[in-house]
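Geometric and topological summary
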Amino acid sequence: MEDKPVFRDSGPPQDPPPERRRSLLYHQFSALLLTFLSYAAFHASRKPPSIVKSVLSSHPPFDGPRGPHRLGELDLAFLSVYSVSMFFSGHLADRTDLRKFLSLGMLLSGASTAAFGLGYWFDIQHLSFFLIIQVISGVVQSIGWPCVVAIVGNWFGKSPKRGAIMGIWNSHTSAGNIIGSILASSVLEFGWGYSFLLPGLLITITSLFVFTFLVADPKEIGFHTPVLEFEMSDEERTVEGQNLNLNQVSGEEEVGLLGEEQNSNVSNPDLDLDLNLDSGRNEAIGFLDAWKLPGVAPFACCLFFSKLVAYTFLYWLPFYIRHNGVKGQKLSHKAAGILSTIFDIGGVFGGISAGLLSDRLGAQRAITSILFLTLSIPSLIIYRLYGSVSLKLSIILMFISGYFVNGPYSLITTAVASDLGTQEGVLGNSRALATVTAIIDGTGSVGAALGPLLTGYISTRGWNGVFVMLVGSICLAVLCLVKIAKSEVSGNR
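Described below are features of the structure shown in this document. Just so it is clear, the model here is predicted, and its values are computed rather than measured. (Residues numbered from 1 in each chain as written. Predicted model: local features only at pLDDT ≥ 70, side-chain atom pairs only at ≥ 80, totals over all residues. Heavy atoms only, no water.)

Now for the environment of T374. Turning to its location among the elements, T374 is positioned in helix α18 (residues 365-386). On a C-alpha basis, the gap between T374 and V478 in space is 7.5 Å, while along the polypeptide they are 104 residues apart. One polar contact links the side chain of T374 to the main-chain carbonyl oxygen of I370, over a distance of 2.7 Å. (Helix = DSSP H or I, 4+ residues; strand = E, 2+ residues; numbered from the N terminus. Polar contact = N/O pair within 3.5 Å; in protein donor to acceptor, adjacent residues only side chain to side chain.)

What follows concerns helix α7 (residues 127-141). With 15 residues, α7 extends 21 Å from end C-alpha to end C-alpha; this agrees with the ideal 21 Å at 1.5 Å per step. Those residues of α7 not exposed but buried are F130, I133, Q134, S137, G138, V140 and Q141. Of the surrounding secondary structure, the elements contacted by the buried residues of α7 are α1 (18-46), α4 (67-94), α5 (98-116), α6 (118-121) and α8 (144-156). (Expected span 1.5 Å × (residues − 1). Buried < 20%, exposed > 50% of the residue type's maximum accessible area, 1.4 Å probe, protein only. Contact = heavy atoms within 4.5 Å.)

Turning our eyes to something else, we now look at the environment of T96. Mapped onto the elements of the fold, T96 is located in the loop between α4 and α5. When the C-alpha atoms of T96 and C147 are compared, they prove to be 10.0 Å apart, with 51 residues separating the residues in sequence.

It is worth spelling out a nonpolar patch on the surface at this point. On the surface, a cluster of nonpolar side chains totalling about 610 Å² of accessible area is made up of L118, Y120, W121, F122, F190 and Y194. Checked against the element boundaries, F122 lands in the loop between α6 and α7. (Patch = residues over 30% accessible without salt bridge, like charges linked within 9 Å, V, L, I, M, F, W, Y side chains within 5 Å. Areas by Shrake-Rupley, 256 points an atom, 1.4 Å probe, with all protein chains shown as cover. Salt bridge = Lys/Arg side-chain N within 4 Å of Asp/Glu carboxyl O.)

The next subject is the packing of α5 against helix α11 (residues 194-213). Relative orientation of the contacting elements α5 and α11 amounts to 165°, with a least axis distance of 8 Å. One way to sum up the angle between α5 and α11 is to call them roughly antiparallel. Considering the relative orientation of α5 and α11, their crossing is left-handed. The segment α5 lies against α11, with R99, K100, L102, S103, M106, L107, S109, G110, T113, A114 and F116 engaging F196, L197, G200, I203, T204, T206, S207, V210 and F211. Across the contact of α5 with α11, the residue classes tally to ten nonpolar, eight polar and two charged. (Axes fitted to C-alpha atoms, helices over the stretch in contact; angles between N-to-C directions. Parallel < 35°, antiparallel > 145°, perpendicular 65-115°, else oblique. Left-handed = near helix turned anticlockwise from the far one by under 90°. Nonpolar A, V, L, I, M, F, W, Y, C, P; charged D, E, K, R; others polar.)

Here we take up the packing of aromatic side chains. Counting across every chain of the model gives 31 aromatic pairs. Relative to F467, the ring of F313 lies with its centre 6.4 Å away and its plane at 85°, an arrangement referred to as edge-to-face. With a gap of 154 residues between them, F313 in helix α15 (residues 296-324) and F467 in helix α21 (residues 463-490) connect regions that are remote in the sequence. Here F313 matches F467 in class, with each residue buried. Judged by centre distance (6.4 Å) and plane angle (45°), the ring pair of Y383 and F467 falls under tilted. Of this pair, Y383 sits in helix α18 while F467 sits in helix α21, placing them 84 residues apart in sequence. F467 carries the same exposure label as Y383, and that label is buried. These aromatic residues form a ring-pair network of at least three members: F62, F116, Y120, W121, F129, F130, W192, Y194 and F196. (Phe/Tyr/Trp six-rings, centres within 6.5 Å; stacked < 30°, edge-to-face > 60°.)

Taken as a whole and assessed by the stated rule, the structure comprises four salt bridges. Between D75 and K53 there is a salt bridge, with its nearest N and O atoms 3.0 Å apart. Placement of D75 in helix α4 and of K53 in helix α3 (residues 53-56) is noted, with a sequence separation of 22 residues between them. As far as burial versus exposure is concerned, D75 and K53 are alike and both buried.

Structure (structure tokens):
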């Protein structure tokens, strides 16, 4: 028998029971931590190819004048399949158990990462072997992002602190890159196969923790879905003096996000409002319908160019440092790999700063992204001109470049994706979040596939051409957001 809405007179909000509040905060923190560790492990397992590039350049079939081209083709194989698979993974994530699906993706990613290292132990010299491994890795790695963003969206809904929360949480990308770089570099001297084995083991072990402890949805433990509770418009809140308390639908007090009680007073003249959390409102949104949501296409296109820049650094920075050196001296493979982590450290602070700034500006994500993108242009130019003058200057300029390059990339893939996936256009449909996230990040991943590929070809003629490509991509990313930024300024978004 269906529960009926219970009407009552509006009154002052009541404090939730302390144990109820502690329970929600505990599970919110657990969801953040486990998804953070999960995606950090995903990125750690993607880092080895960039660390071992300079070593692979002397290993068939990557030696010789066409070596950089083939290394770029490896990146293309992974990232192109990853970007296409992202759209399908988002659809599947909306229709399956997120915890099991995420754990499966992590387990398979660990196996595919370790499998690449077999080329070292079995002295495999066929390009087709490495391409097949990269294709498989692209498919299974695409499972991670739609799942973790959907899980965090389930737990934090339309929180006013979403930019800050997502900015801090999204540092898992840079944290994973740092961990992957350190792990891969630390064992590189023993053979490049070990550089793939260790990150593969890391993500495999992490998958066991995720499968055992992660709670993917508040409803699984008796909490209402935050998205449904907080997305009622002002017109829905008060009509004809009748007040509907959503907490009474379940017969108990519910605790709002971040420890605050949320009382949504919703009226319905016809008294036939369907409040079933499993109703059509939670059905997965269609792919084309998600593309039509306001803001999805412009931010997806912006991420295409932003991710092109970010992933060029992700896959080629250690190689660039190794071949350009510092103070006229070439660094060892290990030193170049570890030094490249400075870019990711800057990215951690950039992502957090972008989230905090966008919140301070009233969730004006486009303006914040344009600011960071614009400042990244002189940062990259100065790094190219003076990054090899001294070690100290290289570290400072690399940090600044990572700060501004990864800021908007982090903001768009997290806070913006969550904003767009839980906007009024989807009528409180929390299950639309994974699809919108997949569209935005999948489109960005197409750019991520293109950047490293072009770098493999352009770098053979000089690195100045690579930086011209990066600066041009940033300019195009800015243009994608100009219209939305104007709307934010005028307050019409």
